[in-house]
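Spelled out, the chains give:
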Amino acid sequence: MTEERFETVIIGGGQAGLSVGYHLAAQGREFVILDGGRRVGDNWRVHWDSLRLYTPARYDGLPGMKFPAPRWSFPGKDAMGDFLAAYAERYRLPVRTEARVRQVRPDGDGYRVTVGAGDGDGDGDGDGAGELRADNVVVATGTFGRKPYVPSFAEELDPGIRQLHSASYRNDAQLRPGPVLVVGASHSGADIAFEASARHRTVLCGRDTGQIPFRLGSRPMRAVAPLLWLVAGHLLTVRTPIGRKAAAEIRVHGGPLLRVRSADLAAAGVERVTGRMTGVRGGRPVLAGGRVLDVANVVWCTGFRQDFSWIDIPVFREDGWPEETCGIVAASPGLYFAGLSFQRAFSSMLVGGAGRDARIVARHIAARERSTARRTGTAGQRTRAVTAA
């Protein structure tokens, strides 16, 4: 097993990790980005086929590079993946793909990162496995973490019922003939229920998360979009009471309906049940109130849970979220997060919000390294810096 040393290791090559890399590169800092996918952008390509971003292209760029599409268009998930790959190439960001991090642990005054590199079968035991020593580690593994969540009673469903989580759903061809129950009624659940209803009787259950008051791409949306973007980045923040209240709600329950709205669901024949799925009876799903559904498919749009069990550092709350301020972990100097839901503001979980949050993290890293260099007399000894083009 090989061992290397870097000033900073960034874990995750999505928009958050690449944005941190951009800002570090601009400051001449040394770093490497580790990503578990086969290609940069695969974190987007794995979503369901019809997924399009909920923000227009004018708000989907990253630092130094606009999204190459009409300003008011909504890019698809593959286009977003290709944009991330082009971004990494343009700025020559040092991304190592098929490098899935297995453990991060303290090591002296820095950190040790254990990596299992993919060998094509997805088990992470390829030839690139090794250990990296770093002064700083930036965890940029996604907005809501790695682990799809389904309730424990899911295993009690009849084996003949096809179960999919939104993380593995691609299109309705995966569904068996017969009715579909979609569990979870935030925007992803609504999108999938709407798609499934074209060929299946579909029930959508879950709490009502509300909906935005206009259609995406409409003239009213275009008129208010600049104001909404301002609110998302400057009013709904962790520093304001209204922002902290919104953060608690969105981190747990998800956001309002966006592209597919209540009227669209009704017109498509989707049965909307505002109660939750509460359990299983006789192998069938049971809704609040005791109604038992005879369905052939259940699609879980129940979100994700933070799974940082691979980080062997005691900086996490009981709910699984790290104790951090704008991505900076005071209890473990040199440990950072990027791209968390509501890390700094509502915009933190949007593509266009990644750059600002990343700049905060990168500046803190650079200041920390300069302070360390002055204290130890090692200024100027770094030789592996990467510079943005």
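Residues numbered from 1 in each chain as written. Predicted model: local features only at pLDDT ≥ 70, side-chain atom pairs only at ≥ 80, totals over all residues. Heavy atoms only, no water.

1. Overview of helix H3 (residues 77-90)
The first and last C-alpha atoms of H3 sit 20 Å apart over 14 residues, in line with the 20 Å expected at 1.5 Å per residue. All buried positions along H3 are accounted for by Lys 77, Met 80, Gly 81, Phe 83, Leu 84, Tyr 87 and Ala 88. Buried residues of H3, seen end-on, are gathered within an arc of 160° and therefore sit on one face of the element. If you follow the buried residues of H3, they end up packed against helix H1 (15-26), helix H2 (42-45) and strand S3 (95-96). (Helix = DSSP H or I, 4+ residues; strand = E, 2+ residues; numbered from the N terminus. Expected span 1.5 Å × (residues − 1). Buried < 20%, exposed > 50% of the residue type's maximum accessible area, 1.4 Å probe, protein only. Arc of directions from axis to C-beta. Contact = heavy atoms within 4.5 Å.)

2. Comments concerning the environment of Ala 330
Looking at the secondary structure, you find Ala 330 in the loop between strand S15 (304-305) and strand S16 (335-337). As for Ala 330 and Pro 285, which are separated by 45 residues in sequence, their C-alpha atoms are 45 Å apart.

3. Considering the pattern of salt bridges
Two side chains that carry opposite charge are able to pair once their charged atoms sit near each other. Scanning the entire structure with this criterion turns up 21 salt bridges. When the shortest N-O distance is used, the salt bridge between Lys 77 and Asp 78 registers 3.1 Å. Given the relative accessible area of 6%, Lys 77 is considered buried. The exposure class of Asp 78 is partly exposed, given its relative accessible area of 38%. The salt bridge involving Arg 284 is made with Asp 294; its shortest N-O contact spans 3.6 Å. Pair noted here: Arg 284 is in strand S13 (residues 284-287) and Asp 294 is in the loop between S13 and strand S14 (297-300), with a separation of ten residues, a long-range link. Judged by relative accessible area, Arg 284 falls into the partly exposed class, the value being 26%. For Asp 294, a relative accessible area of 54% gives the class exposed. When salt bridges with common partners are traced through the structure, they connect Glu 3, Arg 105, Asp 107, Asp 109, Arg 112, Glu 131 and Arg 133 into a single cluster. (Salt bridge = Lys/Arg side-chain N within 4 Å of Asp/Glu carboxyl O.)

4. Focus on the pairing of strand S12 (residues 277-281)
Here four bridges tie S12 to S13, and the two strands are oriented antiparallel to one another. Looking at the pairing, Arg 281 lines up with Arg 284 of S13. Between S12 and the antiparallel strand that follows it, S13, lie two residues; Gly 282 among them carries a positive phi value of about 60°. (Pairing = 2+ DSSP bridges.)

5. Considerations on the packing of H1 against H3
It is the contact of H1 with H3, at a shortest axis distance of 11 Å, that shows an interaxial angle of 15°. Judged on the interaxial angle alone, H3 and H1 are roughly parallel. Judged by the sense of rotation from one axis to the other, the crossing of H1 with H3 is left-handed. For the pair H1 and H3, contact is made by Gln 15, Leu 18 and Tyr 22 and by Leu 84, Tyr 87 and Ala 88, respectively. Of the residues contributing to the contact of H1 with H3, the split by class is five nonpolar, one polar and no charged. (Axes fitted to C-alpha atoms, helices over the stretch in contact; angles between N-to-C directions. Parallel < 35°, antiparallel > 145°, perpendicular 65-115°, else oblique. Left-handed = near helix turned anticlockwise from the far one by under 90°. Nonpolar A, V, L, I, M, F, W, Y, C, P; charged D, E, K, R; others polar.)

6. With respect to the confidence of the model for the protein
When the pLDDT values of the protein are averaged, the result is 91; 92% of them are 70 or greater. When the criterion is pLDDT under 50, residues 119-127 qualifies, and its contacts beyond four places in sequence or with other chains add up to 13 contacts. Between residues 380-389, whose pLDDT stays under 50, and residues either more than four places distant or in other chains, the model counts 27 contacts. (pLDDT = per-residue confidence, 0-100.)

7. Quick word on the side chain of Glu 7
Its location among the elements puts Glu 7 in strand S1 (residues 2-11). Of the polar contacts made by the side chain of Glu 7, one reaches the side chain of Arg 29; its length is 2.9 Å. (Polar contact = N/O pair within 3.5 Å; in protein donor to acceptor, adjacent residues only side chain to side chain.)

8. Considering the sheet that holds strand S11 (residues 271-273)
On the basis of which strands lie adjacent, the open sheet formed by five strands has the order S8-S14-S9-S10-S11 and parallel pairing. Each edge of the open sheet is held by one strand with a lone partner, namely strand S8 (162-165) and S11. Neighbouring strand axes in the sheet, compared pairwise and without regard to direction, differ in orientation by 20° on average. The pairing of strand S10 (residues 202-205) with S11 spans three bridges and is classified as parallel. Bridge pairing in S11 places Cys 205 opposite Val 273. Helix H4 (residues 187-196) contacts strand S9 (180-183), S10 and S14 of the sheet and is inclined by roughly 170° relative to S10.

9. A short note on the side chain of Ser 347
Here Ser 347 lies in the loop between S16 and helix H8 (354-376). A residue is classified by how much of its surface remains accessible, and Ser 347, at 4% relative accessible area, is buried. The contact partners of Ser 347, leaving out residues within four places of it in the chain, are Ala 232, Gly 233 and Gly 353.

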